[in-house]
Amino acid sequence: MRVENFFQPDIVPIQKVQYGGLIFDVLRMDKIHSGTSGNKFFKLKYNFIEAEKKGHKKILTFGGAFSNHIHATAIAAKACEFEAIGVIRGDEMQNNTLNEAAQNGMHLHFVDRGKYKEKNKPSFQKSLKDLFGDVFIIPEGGTNAKAIKGTKEIMDLIPSQYDLICAPFGTGGTLAGIINAKKDHQHVWGFSALKGEWAKEKLEELTSHQNGWQLHTDYHFGGYAKWKPELVEFIEDFYEKTAIPLDPVYTGKMLYGVLMEWKKGNISPEQNVLAIHTGGLQGISGFNNRFGFDLPAS
Ligand SMILES: *Cc1c(COP(=O)(O)O)cnc(C)c1O
C-alpha cells in the first residue's frame, strides 16, 4: 500500500461523557485503525512519507518491551511494505506487544540497557546501519520534527468550540503539535506520565508558543509505567460509567488528572473541555498479565 493511502485518518468519534460531575468530551483516537492507533498514527505519518520519498526500504526504531510506538511502527511498516527493525531495550523476552510486532514482520533486536542508552549516538546508529544496511531511523517514542508536523493535524479533528484541550505527555511530540496548531482562545493542558519537572522544559523546547498551555506533573503515580491502586480503580470505574477503556501508562493518568483538577475547582463548569484519547490499548494485556489485573482493553 502507498504510504499516503495508509495514513488517511478514519472518522474519529467525539464521545460525550459525564463523570464525577464533569461533563466533557473525549476524542476517541483509540478508534483510528486497529494497529497504528491513537497519536502514533499522526507521529508516524510524515516519517513514513519521508522514508518513502528518500527511497528507503527499511525502517528502524527503538523502544521498551511494552512500547506502543514499536507496536504501531511494526503494523504501519507492514501495511506500507517496509521492512521494520525494532531495537528493544533489555534482555530478550516475549509479551503481547513484541509478539504482535514480530507477527507483523518486525525484526526484534534486543540490546542491553547500557548499550540502549546510546541509542541517539552516531557511533551506535552507525553500528546498526552496518548490521542492517540502509535504514531510515525514527527515534525512540517517535518524536522529531516530522512527528510534530503530523500531530498538528490532530487539531483538524477538533472543532474550535473547545476551550480546554487535555492530552498526555510522554516525549512531548503529541502535545507540541496540538499546542502549535491551537487557536488563540484555546488552552492546552498536558499531563505528564513521567516523574519530574524536566518535562516542562522539554515541552517548551518543542513548541513554538510559550503561552496558552500548562503541563501538570503531579499525576505520574510514581513514574513512567508505575501505578497505584487508585489509578487501577479509577480506570475500572471510568470504564463502568462511560464504556471508554483507558491504559494505565498514559490515558488513565491523564483523565485521573483532569478529574482531580475539576474536583479542586480548577476547571469551571462553563469551560468546554475535550480530552484526547491517545490510544495505547494494545499495552493493557501486558499490564494485566504482569500484575494480575483484568482491565478492559476494548
Ligand atoms: C506514546 C503515547 C503517548 C505519548 O506521546 P508523546 O508524543 O510521546 O508525548 C501518549 N499516549 C499514548 C497512548 C501513547 O502511546
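The model shown is predicted, which means the values in this text are computed figures rather than measured ones.

### Re the overall build of the protein chain
- Within the protein chain, the regular secondary structure consists of 12 helices and 10 strands.
- Relative to the globule expectation of 19 Å for 298 residues, the C-alpha radius of gyration of the protein chain, 19 Å, shows essentially globular dimensions.
- For the protein chain, the spread of C-alpha atoms along the principal axes amounts to about 55 × 45 × 35 Å.
- Looking at the protein chain residue by residue over its 298 residues, the buried ones come to 56%.
- Restricting the contact set of the protein chain to residue pairs at least 6 apart, pairs at least 24 apart contribute 70%.
- Of the accessible surface of the protein chain, which amounts to about 13200 Å², a share of 48% is contributed by carbon and sulfur atoms.
- On the protein chain, the mean spot of the 35 positive side-chain charges and the mean spot of the 34 negative ones are 4 Å from each other.

### Regarding the layout of surface pockets
- One number sums up the size of the second largest pocket: a volume of about 210 Å³.
- Ser-34, Gly-35, Ser-37, Leu-281 and Gln-282 are, among the 14 residues lining the second largest pocket, the residues nearest its centre.
- The element that contributes the greatest number of residues to the lining of the second largest pocket is helix H3 (residues 68-79), accounting for three residues.
- Residue composition of the lining of the second largest pocket, grouped by class: three nonpolar, nine polar and two charged.

### Structural notes on the pattern of salt bridges
- Counting across every chain of the model gives 14 salt bridges.
- Between Arg-89 and Glu-140 there is a salt bridge, with its nearest N and O atoms 3.9 Å apart. Placement of the pair is Arg-89 in strand S4 (residues 83-89) and Glu-140 in the loop between strand S6 (135-138) and helix H7 (145-151), with a sequence separation of 51 residues.
- Linking Lys-241 and Asp-237 is a salt bridge whose minimum nitrogen-to-oxygen distance equals 2.8 Å. Linking Lys-241 with Asp-237, this pair stays in helix H10 (residues 229-242), spanning four residues, or about one helical turn.

### Overview of helix H6 (residues 122-132)
- Buried residues of H6: Phe-124, Gln-125, Leu-128 and Phe-132, and no others. Take H6 and look down its axis: the buried residues cluster within an arc of 100°, on one side only. Of the exposed residues in H6, those oriented more than 90 degrees away from the buried face are Pro-122, Ser-123 and Asp-130.
- Positive backbone phi, approximately 85°, marks Gly-133, located one or two places after H6.

### Re the nonpolar core
- Core analysis: the largest hydrophobic core is formed by 51 residues, its most contacted members being Phe-7, Phe-48, Ile-158 and Ile-276.
- The leading source of residues in this core is helix H2 (residues 39-53), at seven residues.
- The next biggest cluster of nonpolar side chains, apart from the first, holds 31 residues, and it includes Phe-191, Phe-238, Leu-246 and Val-258.

### Focus: the site of the ligand
- Around the ligand sit 16 residues, and of these Lys-40, Lys-43, Thr-171, Thr-174 and Thr-278 come closest.
- Taking Thr-171, its side chain carries an N or O atom lying 2.6 Å from an oxygen atom of the ligand.
- Thr-174 places a polar side-chain atom, nitrogen or oxygen, 2.7 Å from an oxygen atom of the ligand.
- Going through the elements one at a time, H2, strand S7 (164-169) and helix H8 (173-181) are the ones with two or more residues in the shell around the ligand.

### Describing H3
- Look at H3: 17 Å from first C-alpha to last across 12 residues, which is about the 16 Å you get at 1.5 Å a residue.
- The element H3 is extensively covered by neighbouring structure, given that 10 of its 12 residues are classed as buried.
- Packing partners of the buried residues in H3 comprise helix H1 (3-6), H2, strand S3 (58-63), S4, helix H4 (96-103) and S6.
- At the N-terminal boundary of H3, the capping side chain belongs to Ser-67, with an oxygen 3.1 Å from the backbone nitrogen of His-69.
- Of the residues flanking the end of H3, it is Glu-81, one or two places downstream, whose phi is positive at about 60°.

### Side note on the packing of H2 against H3
- With their axes 10 Å apart at the nearest point, H2 and H3 run at an angle of 50° to one another. As the angle between them shows, H2 and H3 are arranged oblique. Here H2 and H3 pass one another in a crossing that is right-handed. Seen from H2, the contacting residues are Lys-40, Leu-44 and Phe-48; seen from H3, they are Asn-68, His-69, Ala-72, Thr-73, Ala-76 and Ala-77.
- In terms of residue class, the contact of H2 with H3 is made up of five nonpolar, three polar and one charged.

### Side note on the pairing of S7
- In terms of residue burial, S7 counts as a mostly covered element, since six of its six residues are buried.
- Alignment of S7 against strand S8 (residues 187-192), held across six bridges, turns out to be parallel. Opposite Cys-166, over in S8, you have Trp-189 as the bridge partner.
- Following the backbone out of S7, through H8 and into the adjacent parallel S8, one traces a crossover that is right-handed.

Parameters and conventions
Residues numbered from 1 in each chain as written. Predicted model: local features only at pLDDT ≥ 70, side-chain atom pairs only at ≥ 80, totals over all residues. Heavy atoms only, no water. Helix = DSSP H or I, 4+ residues; strand = E, 2+ residues; numbered from the N terminus. Rg over C-alpha atoms; globule rule 2.2 N^0.38 Å. Buried < 20%, exposed > 50% of the residue type's maximum accessible area, 1.4 Å probe, protein only. Contact = heavy atoms within 4.5 Å. Areas by Shrake-Rupley, 256 points an atom, 1.4 Å probe, with all protein chains shown as cover. Lys, Arg positive; Asp, Glu negative; His and termini not counted. Charge placed at Lys NZ, Arg CZ, Asp CG, Glu CD. 1 Å grid on protein atoms, 1.4 Å probe; cavity = no way out; pocket = protein on both sides within 12 Å on 5 of 7 lines; lining within 4 Å. Points joined across faces, edges and corners; volume = space filled by probe spheres on them. Nonpolar A, V, L, I, M, F, W, Y, C, P; charged D, E, K, R; others polar. Salt bridge = Lys/Arg side-chain N within 4 Å of Asp/Glu carboxyl O. Arc of directions from axis to C-beta. Core = buried A, V, L, I, M, F, W, Y, C linked by side-chain atoms within 4.5 Å. Near = heavy atom within 4 Å. Polar contact = N/O pair within 3.5 Å; in protein donor to acceptor, adjacent residues only side chain to side chain. Expected span 1.5 Å × (residues − 1). Axes fitted to C-alpha atoms, helices over the stretch in contact; angles between N-to-C directions. Parallel < 35°, antiparallel > 145°, perpendicular 65-115°, else oblique. Left-handed = near helix turned anticlockwise from the far one by under 90°. Pairing = 2+ DSSP bridges. Right-handed = clockwise from strand over helix to strand, strands pointing away.

Everything listed here is a matter of geometry and, on its own, says nothing about what the molecule does.
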